[in-house]
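Examination of the molecular architecture
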Amino acid sequence: MAQVSDVADNQPPQTKTLRIARFNPEKDNEKQFVEFSVPVEKWTTVLETILDVKQHHDHSVAVRYSCRQATCGSCGMIINGKPRLACFTKVSELDSDVVTVEPMNNFPIIRDLAVKFERLFDTHHKIKPYLDREDTELESDAKEFLQSPEELEKYIQFANCIKCGLCNSACPTMATDSSFVGPQALAQAYRYVADSRDKGKDSRLKIIDDSHGIWRCHFAGSCSQVCPKGVDPAMGIQLLRGYMLGFRS
Amino acid sequence: MVDSIEFDLIICGSGLAGLRAAIAAAKKGPHLKIGIVSKLQVMRSHSVSAEGGTAAVIQEDAGDTIESHVYDTVKGSDFLADQDVAERLCVEMPQEIHQLDHWGMPWSRKEDGRIDQRNFGGYSFPRATYASDKVGFFEMQTLYDTCQKHENIEYLNEWFATSIVHDGKKFMGLTAIELGSGTFYTIKGKALIIATGGAGRLYSFSTYALSSTPDGLDMGLRAGMALKDMEFVQFHPTGILPSGILITEGARGEGGYLLNNKGERFMKTYAAGKMELAPRDIVSRSIMTEIQEGRGFKHETGVDCMKLDLRHLGDEKIKEKLGGIREISIKFSGIDPAEELLDIRPVCHYMMGGLHTDIDGATEIQGVWAAGEVACNSVHGSNRLGANSTSECIVWGKITGELAAEYAMNNTTADQWPHHLVAAEEKRIYDGIFRGNGDANPYEIRQALTDVMNEKAYVYRNETDLVAGLKKIRELKAQTWKHVDDKAKEYNTNFSNVMELDSMFRVAEIVLIGAINRKESRGAHARTDYTKRDDTNFLHHTLAYYDPNEPIMKTHPVTITKYQPVERKY
């Protein structure tokens, strides 16, 4: 049995500067940064500092959040220049006295840090994100479709997508082509194509076989770098292209 | 004129119950216009945070039986569950596991390709069906993605419902604010399913999402429905410090130990037969007793805690089966459970109580059903077993989805729209809250309210604390917090936050009054001044109805079919 220390070694909170990008398209001409001084302990997350401001300094800060444990996908934003989840970014790991938060790129701003997700939800919908088989099989009273742990392993990484939008925010192609389907939806197309229970590969590949679809990606790879859940959309896109070029069946 | 839209069926809430209901309704009525109203974007509800499992009997060939699941549930409930309802859960659930599989659920598998199950607290058979330790997340994804197949489901993302419009008997519609634009709407409909989840943010130390406030419970209460059994609040034994984020019971299901400061697996004193896998009420009480008797630890934040040891499970098993909680522990507490002990403490996790419904999820208003944690059909009685809540959401999502769809197909919308009720609701929220004045900071009041609940109505309760808690809640309620400083229309979460707080006061009072009135110890309600269960005086459900001055309290009988109450031992 290892010895467990019960001695309190709590450090007093430090103070950091939080810069929040404020912007209401209905009223303002441009984004303005407003600075606040916030208390920070070793486990304080960026979301907690934003909520500290909202609760104690300025109730009007507009920010989307919910689970505070990197599962619901609400609080994606640009933190010190990089797309991250605010609840899953500790201030201490930023290694900076100033924390700057801005809305995600490639998403229209509703207000301050809250952005519109319609494009992401539409593209996700478009790639048929569900098992494609006969209804008589999908809606039957039969037991489970068999799937080995190895077959599960082929797609489970891609099923970790929380639809937070960070990959789309990081994608340079999303910024220049407003019709591009984007890494989030393409990764989900791969998730279902790679699922041994699915039989809709051809129809799904047809949907993304488009100049604004799978071929538009030029492998900057930034989507995979920013995913907070370890999903690798760039690899998914590559594997999908493999199917389409006949390298995989 | 107030802006107005119309659906055949409105589903308020977008967690597991709401999404399962939407699919059931869309299948039953392919021509119905179905609208899911959620104050969040619909795939972000708190159900995503369910971790460990979904209980179902799918291994009858290996010896599991429906009857055993029913009895475990009834015994776990400390005999307050309605036994016909518990049976319904267990009978309906196995097919739902397979249905989810057909819809793409990535259940963890055995080598032969069949769905695997793990151990969970209070069960006589390992029947928690799992997908790593992200069960709720994957179930939500499966249901949301399956919803995409049904073109008759519409998503009202970030609409905050404020009231149920009805004529005293029959459902007519909702009022709601579209948060993005700040527009106040009426949403007319023939049928409604309330699936807004639990309200664990009444407590400051909580596993719940920050959005889990009692708006839906309160909306039903104000519409004239009873809240049932609200005094029964589940404290999960293992909330990690300092955040309160859940460490799944699956961690103990996979073999984790709870240790006191003597290095002992102290559960041997309290439930030698089940050890760490006793039901949650018993494990949480055991932890608090150990702490009170000086065998606990102090976390570096100064909070008392106990230790959860997973090290002996080994790197590989932790990575494969408990990857989510490992990530959480490392990120939020700086501890890798493969190498160090976790600091845990009982944490508000579930509300057994909710809107009073019958076995079909029907409420006291015609055309309105309730499903999932917001509902109290009495399947869990006074203590829910782990892995039975995701099951409940799925089963009653399906049941209410089908019934409400059928009802919507056979009924019409009201011809006389009660404009005066909508005007009164507009006045309540805009004059009473949005344009209110005052000095008290509503966020500080909310913090104080949740601290009171944590201090006075936690794992162990007594008359003095509960009465003091109620007094304190009423003092806070009387302060001038009903104002919104953010005057913008667009995405005004300051406004919704104050409406949430308004609902918290009414529901917190009912939790406390129910707890004061129940002078016995049963399930999750443990009184140090009435330490025994008292079936003579308290084998009944508590009902609370809205009244502007003080809730009106009543009782309701428990349905006992096969199992007479006996002493609960593990």
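What counts, and where the lines are drawn
- Residues numbered from 1 in each chain as written.
- Chains lettered and ligands numbered in written order.
- Predicted model: local features only at pLDDT ≥ 70, side-chain atom pairs only at ≥ 80, totals over all residues.
- Helix = DSSP H or I, 4+ residues; strand = E, 2+ residues; numbered from the N terminus.
- Buried ≥ 20, exposed ≤ 12 C-beta atoms within 10 Å, placed from the backbone.
- Contact = placed C-beta atoms within 7 Å.
- Domains from an automatic or database assignment.
- Core = buried A, V, L, I, M, F, W, Y, C linked by C-beta atoms within 7 Å.
- Pairing = 2+ DSSP bridges.
- Nonpolar A, V, L, I, M, F, W, Y, C, P; charged D, E, K, R; others polar.
- Axes fitted to C-alpha atoms, helices over the stretch in contact; angles between N-to-C directions.
- Right-handed = clockwise from strand over helix to strand, strands pointing away.
- pLDDT = per-residue confidence, 0-100.
- Parallel < 35°, antiparallel > 145°, perpendicular 65-115°, else oblique.
- Left-handed = near helix turned anticlockwise from the far one by under 90°.

1. A short note on the overall build of chain B
Broken down by element type, chain B carries 16 helices and 24 strands. Its C-alpha atoms give chain B principal-axis dimensions of about 70 × 55 × 50 Å. When each of the 570 residues of chain B is scored for burial, the buried share is 64%. Contacts in chain B between residues at least 24 apart in sequence constitute 75% of all its contacts with a sequence separation of at least 6.

2. Considering the overall build of chain A
Tallying secondary structure elements over chain A gives 11 helices and 7 strands in all. With the C-alpha coordinates aligned to their principal axes, the bounding extent of chain A is approximately 60 × 60 × 35 Å. Looking at chain A as a whole, 47% of its 249 residues are labelled buried. The long-range share in chain A, meaning contacts at least 24 apart out of those at least 6 apart in sequence, stands at 68%.

3. What about the domain arrangement of chain B?
Residues and elements named next belong to chain B. Segmentation of chain B into domains returns domain 1 (238-346) and domain 2 (419-557). Between domain 1 and domain 2, the residue contacts involve 5 residues of the former and 5 residues of the latter. Residue contributions to the side of domain 1 that touches domain 2 peak at 4 residues, all from helix 8 (residues 280-292).

4. Details of the domain arrangement of chain A
Residue and element names in this part refer to chain A. Domain boundaries assigned for chain A yield domain 1 (14-115) and domain 2 (118-244). Relative placement of domain 1 and domain 2: their C-alpha centres are 29 Å apart. Ranked by the residues each element gives to the side of domain 1 that touches domain 2, the list is headed by strand 4 (residues 82-85), at 4 residues.

5. Let's talk about the nonpolar core
Residues I50 of chain A together with L9, I11, A22 and V37 of chain B are the most contacted members of the largest nonpolar core, which totals 254 residues. Take this core: its biggest share by element is 13 residues, from helix 15 (residues 493-517) of chain B. Residue contacts for L9 of chain B: discarding those within four places in its chain leaves A25, L32, I34, G189, K190, A191, A404, A405 and A408 of chain B.

6. Quick word on the sheet that holds strand 20 (residues 375-376) of chain B
All names here are of chain B. Taken together, 5 strands build an open sheet; the order of strands is 20-18-12-23-24 and the sheet is mixed. Edge positions in the sheet fall to strand 20 and strand 24 (552-557), since each has one partner strand and no second. Across 2 bridges, strand 18 (residues 354-356) lies against strand 20 in parallel orientation. Pairing of L355 across the sheet is with A375, part of strand 20.

7. Let's talk about the interface of chain A and chain B
Chain A puts 47 residues into the contact, and the matching count from chain B is 51 residues. The element contributing the most residues to the side of chain A that touches chain B is helix 5 (residues 149-156) of chain A, with 3 residues. By residue class, the composition of the side of chain A that touches chain B is 23 nonpolar, 13 polar and 11 charged.

8. Digging into the sheet that holds strand 3 (residues 34-38) of chain B
Residues and elements named next belong to chain B. In spatial order, the strands read 7-3-2-11-19; together these 5 strands make up an open sheet with parallel pairing. The open sheet has two edge strands, strand 7 (153-157) and strand 19 (368-370), and neither has a second partner. Strand-to-strand twist of the sheet, defined as the mean angle between neighbouring strand axes without regard to direction, takes the value 20°. Packed onto the sheet, helix 11 (residues 388-409) meets strand 2 (9-12), strand 11 (191-194) and strand 19 and runs at close to 165° relative to strand 11.

9. Describing the pairing of strand 3 of chain B
Among the 5 residues in strand 3 of chain B, 5 count as buried, and that is most of the element. The parallel pair strand 2 of chain B and strand 3 of chain B is bridged by helix 1 (residues 16-28) of chain B, and the resulting crossover is right-handed.

10. So, the confidence of the model for chain A
Averaged over all residues, the pLDDT of chain A equals 93, while 94% of them reach at least 70. Note that residues 1-9 of chain A has pLDDT below 50 and, in this model, 10 contacts with residues that lie over four places away or in other chains.

11. Some details on unusual backbone geometry
With an omega of 0°, the peptide bond between L241 of chain B and P242 of chain B qualifies as cis. Positive phi, normally seen in glycine, also occurs at A70 of chain A, with a value near 60°. Backbone geometry places A387 of chain B, a non-glycine residue, at a positive phi of 75°. A387 of chain B gets classed as buried once you count the C-beta atoms within 10 Å, which come to 30.

12. Considerations on the pairing of strand 3 (residues 76-79) of chain A
Residues and elements named next belong to chain A. Direction of pairing for strand 3 relative to strand 4: antiparallel, over a ladder of 4 bridges. Within the sheet, the bridge partner assigned to I79 lies in strand 4 and is K82. Taken together, strand 3 and the strand that follows it, strand 4, pair antiparallel across an intervening segment of 2 residues, in which N80 is found at a positive phi of about 45°. Sheet topology places strand 3 next to strand 5 (residues 98-102); 2 bridges connect them, and they run antiparallel. In the strand pairing of strand 5, I79 is matched with V101.

13. A closer look at the packing of helix 3 (residues 118-126) of chain A against helix 8 (residues 182-193) of chain A
Residues and elements named next belong to chain A. With their axes 9 Å apart at the nearest point, helix 3 and helix 8 run at an angle of 25° to one another. By the angle class used here, helix 3 and helix 8 are roughly parallel. When you trace helix 3 past helix 8, the crossing you get is right-handed. Touching L120, T123, H124 and K126 of helix 3 are G182, Q184, A185 and Q188, all from helix 8. Looking at the contact of helix 3 with helix 8 residue by residue, the classes come out as 2 nonpolar, 5 polar and 1 charged.

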